[in-house]
Amino acid sequence: MATFTDLSHINVRGGDGGAGCMSFRREAHVPKGGPDGGDGGNGGSVVVVTDPQLSSLIDYRYKHHFRAQRGTHGQGARKHGRDGEDLVLRVPLGTVVRELDPATQTPMYEIADLTQPGESVVVAPGGKGGRGNIHFVTPVRRAPAFAEKGEPATEHWIELEMKLMADVALVGMPSVGKSSLIARISAARPKIADYPFTTLIPNLGVVRTPDGQSFVAADVPGLIEGASEGRGLGHQFLRHIERTALILHLVDVTGGFEGRDPVDDYHKINDELRAYAAELADRPQIVVANKCDMPGTQEATEALRAVAESQGRPFFAISALTGQGIDRLVAQTAERVATLRTELVDDSRPAQADLSQVWEQRRASRDKRIEVACEEPGVWRVSGTNIERMVVQTDWDNDEAVDYLQRRFSRLKLEDILTRAGCAYGDEVRILGYAFTFEGTTAQAEYDDAVEEDEVGNA
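Keep in mind the model is a prediction, meaning the values are calculated, not measured.

Draft legend 1. Representation of the layout of surface pockets in the model. There is about 950 Å³ of room inside the largest pocket. It is helix α7 (residues 385–392) that contributes the most residues to the lining of the largest pocket, four residues altogether. Grouping the amino acids of the lining of the largest pocket by side-chain chemistry returns 14 nonpolar, six polar and 10 charged.

Draft legend 2. Structural view of empty space enclosed by the protein. Here the structure, examined in full by the defined rule, presents one cavity of 30 Å³ or more. Lining the largest cavity are F136, F146, A147, E148, M390, Q393, T394, A401, Y404, L405 and R408. At four residues, the largest contribution of residues to the lining of the largest cavity is made by helix α8 (residues 399–411). Here the lining of the largest cavity is built from residues that sort into seven nonpolar, two polar and two charged.

Draft legend 3. Quick peek at the pattern of salt bridges. This model, assessed by the stated rule, comprises 17 salt bridges. For R260, the salt bridge identified is with D265, shortest N-O distance 2.7 Å. E428 is the partner of R430 in a salt bridge, and the nearest nitrogen-oxygen pair spans 2.5 Å. When its relative accessible area of 24% is taken as the criterion, R430 is described as partly exposed. Residue E428 is classed as partly exposed on the basis of its relative accessible area, which comes to 28%. Each of the salt bridges in this network shares a partner with another, and the network as a whole consists of R13, D16, R67 and E155.

Draft legend 4. View of the environment of R369. Tracing the chain through its elements places R369 in the loop between α6 (352–368) and β15 (371–376). Assessed through its relative accessible area of 45%, R369 is described here as partly exposed. Remark: the alpha-carbon pair of R369 and T385, spanning 16 residues in sequence, is separated by 7.4 Å. Look past the residues within four positions of R369 in its chain and what remains in contact with it is S383, G384 and T385.

Draft legend 5. Quick look at the packing of aromatic side chains. Tallying each qualifying case throughout the model produces seven aromatic pairs. Ring centres 4.9 Å apart and planes at 70° place the aromatic pair F136 and Y404 in the edge-to-face group. Taken together, the residues span a long stretch of sequence, with F136 in the loop between β7 (120–124) and β8 (155–162) and Y404 in helix α8 at a distance of 268 residues. Relative to F436, the ring of W396 has its centre 5.8 Å away and its plane inclined at 45°; by these criteria the two rings are tilted. Highlighted residues: W396 in the loop between α7 and α8 and F436 in strand β18 (residues 434–437), separated in sequence by 40 residues. The exposure class assigned to W396 is partly exposed, which follows from its relative accessible area of 25%. Using a relative accessible area of 18% as the deciding quantity, one classes F436 as buried. Aromatic rings pair up to connect W396, F409, Y434 and F436 into one cluster.

Draft legend 6. Broad picture of the nonpolar core. By size, the foremost hydrophobic cluster in this structure holds 34 residues, and its most contacted members are V168, L170, L181, F215, I241, L248 and L329. Taken together, the elements giving at least two residues each to this core come down to β9 (168–171), α1 (178–185), β11 (214–219), β12 (246–252), α2 (262–276), β13 (285–290) and α5 (326–344). No other element matches the six residues that α5 contributes to this core. Setting aside anything within four residues of it in sequence, one finds L170 in contact with K178, L181, I182, A217, A218, D219, V220, L248 and L250. Of all hydrophobic cores here, the second largest spans 24 residues; its members include Y60, V97, A112 and L160.

Draft legend 7. Focus on unusual backbone geometry. Phi angles above zero are rare outside glycine, and K413 is one such case at about 60°. Within the secondary structure layout, K413 lies in the loop between α8 and α9 (414–421). Residue class for K413 comes out exposed when judged on its relative accessible area of 55%. Of note in this structure, L432 is not a glycine but carries a positive phi near 55°. Mapped onto the elements, L432 comes out in the loop between β17 (428–431) and β18. Its relative accessible area of 33% is what places L432 among the partly exposed residues.

Draft legend 8. Layout of the sheet that holds strand β6 (residues 107–114). With mixed pairing, the five strands of this open sheet are ordered in space as β3-β1-β8-β5-β6. Because the sheet does not close on itself, it has two edges, and the strands there are β3 (65–67) and β6. Strand-to-strand twist of the sheet, defined as the mean angle between neighbouring strand axes without regard to direction, takes the value 30°. Of the pairings in the sheet, the one linking strand β1 (residues 7–13) to β3 comprises three bridges and is parallel in character. Looking across to β3, one finds that V12 is bridged to F66.

Draft legend 9. Quick peek at the packing of α7 against α8. Closest axis-to-axis distance for the α7/α8 pair is 10 Å, and the angle between their directions is 165°. Comparing their axes, α8 and α7 come out roughly antiparallel. Relative to α8, α7 is oriented so that their crossing is right-handed. Residues I387, M390 and V391 of α7 form the contact with α8, whose own contacting residues are L405, R408 and F409.

Draft legend 10. Representation of the packing of α2 against helix α4 (residues 298–310) in the model. Where α2 meets α4, the closest approach of the two axes is 9 Å, and the angle between their N-to-C directions is 35°. From α2, P262, V263, Y266 and H267 reach across to α4, where they touch A300, A303, L304, V307 and A308. Taken together, the residues of the contact of α2 with α4 sort by class into eight nonpolar, one polar and no charged.

Parameters at a glance
- Residues numbered from 1 in each chain as written.
- Predicted model: local features only at pLDDT ≥ 70, side-chain atom pairs only at ≥ 80, totals over all residues.
- Heavy atoms only, no water.
- 1 Å grid on protein atoms, 1.4 Å probe; cavity = no way out; pocket = protein on both sides within 12 Å on 5 of 7 lines; lining within 4 Å.
- Points joined across faces, edges and corners; volume = space filled by probe spheres on them.
- Helix = DSSP H or I, 4+ residues; strand = E, 2+ residues; numbered from the N terminus.
- Nonpolar A, V, L, I, M, F, W, Y, C, P; charged D, E, K, R; others polar.
- Salt bridge = Lys/Arg side-chain N within 4 Å of Asp/Glu carboxyl O.
- Buried < 20%, exposed > 50% of the residue type's maximum accessible area, 1.4 Å probe, protein only.
- Contact = heavy atoms within 4.5 Å.
- Phe/Tyr/Trp six-rings, centres within 6.5 Å; stacked < 30°, edge-to-face > 60°.
- Core = buried A, V, L, I, M, F, W, Y, C linked by side-chain atoms within 4.5 Å.
- Pairing = 2+ DSSP bridges.
- Axes fitted to C-alpha atoms, helices over the stretch in contact; angles between N-to-C directions.
- Parallel < 35°, antiparallel > 145°, perpendicular 65-115°, else oblique.
- Left-handed = near helix turned anticlockwise from the far one by under 90°.

Pasting the structure below:
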């Protein structure tokens, strides 16, 4: 039997960028050939792409580390390095990608929610290739003797969580007949037995009506009281109810082996849905009394009908075993799903072709952020993907390269950002493993004024 996996933590790393080349043209009869160093190749990226043929995250159950190919270094004669190949990770539709805290392995923020075929998101961008010295020629710097290093790619942990893309979710206590119902109304063939927790994984089935309508139903493993807090097996699969437009709430009107009260079961399951996610309790719901072919169930059926109708929810009495009432239930469910599909269309959601670009734009926006934090009195930490990239690509043994980095900082208005954060003249500024003394012109003027006032006061 295939293993079902709907949650995985994986470590991803893009390929390192190749170094740019510092080179000058050396050729007979060309005394002033000038710089001709080529660029390093960009590292490959790790890209997550949806594949409609997949139904589980089983590929990431046993392998947890994924690396893309690095870029090659640039060479003289303007020969650029080769880009590394991207590494594509295929996932099922409905996969949510989240960034994980490296220390606690808890989700920090959502990277993307992939719901359409072929939708993709870059989860580990490759390092940028360093630029060769041909890029640093200016009217006053005719022979730049430096090039950029390749950018090391970042490595981090992400979470992949699959939420089934079904129209209808069958929920209820264990052994209420969910598997029997989905087996009768679709081609799905789940394991069916007369003991609790027979279903250990969600089962999907496509249901078609005689008039041509269809919908996808998901048989979710049985819930019990306390499921939202981790009791039983169903809590592992509550996530698969989140995307469904409609809930079929099955209740065993015989009370099962334990002789439970069907109305009490109904309330307990709704309480668990509400505890897991408040909106689930308000999700459109059809209440289904199953096993109505059994003798002595009339009173319990009518009691459940009264509760469901008092809450404005449609009610059906059926028997998954004999087929009693199922045709009418399926027809009404298909009609309700068609209505909900129309209501749930969001015209503001980008077209399929644009979605991957949306996730890329969000990532680029995160990369541009510059954050300043005070680590201790007089010590400041500057962080941000783009500014850290500038630092690691600098050849610190080359004065020209360091001078070029200072000008890049000026274009970013880093001095103003630090001053607004409270950084003072003479404070230490740290970026990655490098430390600088803050000597901004604004901070210098404020420092000189303070010294002058102090001297006047002492006089």
